[in-house]
Amino acid sequence: NELARGWRGEPQRAEAGGALMKLKRFLLRYYPPGIILEYEQSGELKNKAVDLLTLTPETDVEVLVNQIVRQEALISDARKPQLRKLIYKLIEKQESHENESFYLFKILRAHILPLTNCAFNKSGDRFITGSYDRTCKVWNTLTGEELLTLEGHKNVVYAIAFNNPFGDKIVTGSFDKTAKLWDSETGQLLHTLRGHTTEIVCLAFDPHGAVVATGSMDSTAKLWSVTEGTELCTLNGHTAEIVSLNFNNAGDQIITGSFDHTTKVWAVETGLCLHTLAGHRGEISSTQFDFSGELCISGSIDRTCKIWNVSTGQCINTLRGHNDEILDVAFNATGTKLVTASADGTARVYNTMTGACQAILIGHEGEISKVSFNPQGNKIITASSDRTCRVWDVDNGENLQVLEGHTDEIFSAAFNYDGDTIITGSKDNTCRIWKC
């Protein structure tokens, strides 16, 4: 959570099951919008989120303030002015950068051999690149300066991630069958995670930064302790390689997408498979949880995207329309919309609840391998083999910008947390940083 300091002041008291609760301060979460209540109960500091997922510039703030005060025992009438101020701040953030264009800020000639991936830390002031040269490099986004080279893998460094929101650790997954944990400040190798029998192709930190998940061509995923560097458990059950994995926001569940045509839902605590989401007629290419963790999506080379109820394992909707493989899928920050990207050169925006296609993003001259929403949810970026990255308006599907300059296909495009910087990675061995 992006926790901006909201307010400190006279604690508000409320009873909860006999234990006194004292409101200590408000914290802001920008994407998706919410207010975190930090309170004390029996001498312990606790957090409670007030999700404001439907907040828009059109929201009647007075009605909302009254509603929150009515529903939240921790917030008294005296807090209304502060609450009002915080809500206006959240609305302001939703509208930020809305009408601004992106310009080329820097070109980084990152590695001698081809790039495999790039990823931002939370604030976007640093990013990492993985490469066939067997290293991961850490960069300063603003200066374009190379800060660190993480060396030690004996083969391609394929999957990389920061432990966002903290950003003090990096995990790298390699074709050498190992993953490595690094200190992102010093570049020190903390742990080598050994156990997979073939290449590691996907990985993720859980939201608390305590667990790393790795997915491999050996059909298994493994969970590892970040502090100890030891294996916690193996997620056994897929019959073909695992190419996608994601934690939910609570960090208690993980999904794995596989070439065996299924996605599996697992309990992180026990490593038990809770559901097998079966129904696709081709390999899974991409998976994601929504913000609430109640839904997940899977994109497949069968040209469809399926929306699943995570707790029942039932398919709620099958989204059709593409006439070639779906290569990537993504939710917006609130989970109200999703986007699919296809080898047919188009992306499609759907309403999560109804499954209705709201926009078709037409313009690329080659397949789209990556797609994502900006944090505000009003723009989408697509990365294509046609050497361009395009910026689209979510509501009307209009192509707002073509980010040109790469001389080979773009396989990676990502926004930073504020939505004011884009990084693109290409087979031309450069990363380009675009700012607005």
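Scroll up to find the structure.
Residues numbered from 1 in each chain as written. Predicted model: local features only at pLDDT ≥ 70, side-chain atom pairs only at ≥ 80, totals over all residues. Heavy atoms only, no water.

J.: Explanation requested: the pattern of salt bridges in the structure shown.
T.: Any two side chains of opposite charge can pair if their charged atoms end up close together. Overall, the coordinates contain 13 salt bridges when judged by the stated rule. Two residues, E38 and R25, come together in a salt bridge whose shortest N-O distance is 2.8 Å. Taken together, the residues E38 in strand β3 (residues 34-41) and R25 in strand β2 (residues 19-29) connect sequence positions 13 residues apart. Of the two residues examined, E38 and R25, each falls in the buried class. Ionic pairing is found between K222 and E231, a salt bridge with its closest N-O pair at 3.2 Å. Since its relative accessible area comes to 8%, K222 is described here as buried. (Salt bridge = Lys/Arg side-chain N within 4 Å of Asp/Glu carboxyl O. Helix = DSSP H or I, 4+ residues; strand = E, 2+ residues; numbered from the N terminus. Buried < 20%, exposed > 50% of the residue type's maximum accessible area, 1.4 Å probe, protein only.)

J.: Would you mind showing me how to read the packing of aromatic side chains here?
T.: Each pair of aromatic rings is reported with the distance of its centres and the angle of its planes. Within the structure shown, the criterion is met by six aromatic pairs. For the ring pair Y31 and Y417, a centre distance of 5.1 Å and an interplane angle of 65° mean the geometry is edge-to-face. Note that Y31 is positioned in the loop between β2 and β3 and Y417 in the loop between β34 (410-415) and β35 (421-426), a separation of 386 residues in sequence. Here Y31 falls in the buried class, since its relative accessible area comes to 7%. Plain terms: the ring middles of F127 and W139 are 6.2 Å apart, the flat faces sit at 15° to each other, and that makes the pair stacked. You can see F127 sitting in strand β7 (residues 126-131) and its partner W139 sitting in strand β8 (residues 136-140), a full twelve residues away along the chain. A relative accessible area of 4% places W139 in the buried class. Aromatic rings pair up to connect Y30, Y31 and Y417 into one cluster. The side chain of K93 reaches across the aromatic face of Y30, ending 4.9 Å from its centre. In this arrangement the basic side chain of K435 is found over the ring face of F105, its NZ or CZ atom lying 5.3 Å from the centre. (Phe/Tyr/Trp six-rings, centres within 6.5 Å; stacked < 30°, edge-to-face > 60°. Lys NZ or Arg CZ within 6 Å of the ring centre and 35° of its normal.)

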